[in-house]
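Listed below, chain by chain, are the residues.
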Amino acid sequence: SSDLELAGEGENWRMDGRIEGDIVCSGKIVVGPKSEIKGNTQCANAEIHGQIEGNVNVKEKLVLKSSSIVKGDICLQTLEVEPGAKIEGRISSNS
């Protein structure tokens, strides 16, 4: 396993596939519907369609789509959740 750091202020990144390790991104991350991430995720904004097993720290807005599964604690400023999204963990505000 290894960590992934995505640089580029304001950049959008889309992930499709499996990643094992922590992710740090200065912009927005989109996790595709068939994606599985095992590790902590830190970014400015995120849109989750797939699965994350680890803590999620979002500086601004997190969108959980109906197909998303998050198994871990979430820290964020704004949360949007579609019906069907699954969260197994605590949610706290970083504001």
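The rules behind the values
- Residues numbered from 1 in each chain as written.
- Predicted model: local features only at pLDDT ≥ 70, side-chain atom pairs only at ≥ 80, totals over all residues.
- Heavy atoms only, no water.
- Salt bridge = Lys/Arg side-chain N within 4 Å of Asp/Glu carboxyl O.
- Helix = DSSP H or I, 4+ residues; strand = E, 2+ residues; numbered from the N terminus.
- Contact = heavy atoms within 4.5 Å.
- Buried < 20%, exposed > 50% of the residue type's maximum accessible area, 1.4 Å probe, protein only.
- Pairing = 2+ DSSP bridges.
- Axes fitted to C-alpha atoms, helices over the stretch in contact; angles between N-to-C directions.

1. Quick notes on the pattern of salt bridges
One pass over the full model with this rule turns up six salt bridges. Arg18 is paired through a salt bridge with Glu36; the nearest N and O atoms lie 3.7 Å apart. In this pair, Arg18 sits in strand β3 (residues 18-20) while Glu36 sits in strand β6 (residues 36-38), placing the two residues 18 residues apart along the sequence. Taking the shortest distance from any N to any O, the salt bridge between Lys65 and Glu82 comes out at 3.2 Å. With Lys65 in the loop between β11 (61-64) and β12 (69-71) and Glu82 in the loop between β14 (78-81) and β15 (86-88), the pair connects residues that are 17 residues apart, well separated along the chain.

2. Structural notes on the environment of Thr41
Here Thr41 is to be found in strand β7 (residues 41-43). When the C-alpha atoms of Thr41 and Asp22 are compared, they prove to be 5.8 Å apart, with 19 residues separating the residues in sequence. Those residues in contact with Thr41, other than ones at most four positions away along the chain, are Ile23, Ile29, Ile52, Asn55, Val56 and Asn57.

3. Describing the environment of Gly27
Within the secondary structure, Gly27 is located in the loop between β4 (23-25) and β5 (28-31). Take Gly27: its relative accessible area is 5%, and that puts it in the buried class. The sequence separation of Gly27 and Asn12 amounts to 15 residues, and the corresponding C-alpha distance is 5.8 Å.

4. With respect to the sheet that holds β3
The strand order across the open sheet built from five strands is β3-β6-β9-β12-β15, with neighbouring strands paired in parallel fashion. Looking at the sheet topology across the chains shown, the edges are occupied by β3 and β15. The mean inter-strand angle of the sheet, taken between neighbouring strand axes irrespective of direction, is 5 degrees. Here strand β9 (residues 51-53) runs beside β12; their pairing, made up of three bridges, is parallel. Looking across to β12, one finds that Glu53 is bridged to Lys71.

5. Re the pairing of β5
In terms of strand pairing, strand β2 (residues 12-15) meets β5 through four bridges, oriented parallel. Paired with Arg14 across the strands is Val30, a residue of β5. Note: β5 against strand β8 (residues 45-48), four bridges, orientation parallel. Paired with Val30 across the two strands is Glu47, which belongs to β8.

6. A look at the sheet that holds β14
Read across the sheet, five strands follow the order β2-β5-β8-β11-β14 without closing on themselves; strand pairing throughout is parallel. The open sheet has two edge strands with one neighbour each: β2 and β14. For this sheet the average axis-to-axis angle between neighbouring strands, irrespective of direction, equals 10 degrees.

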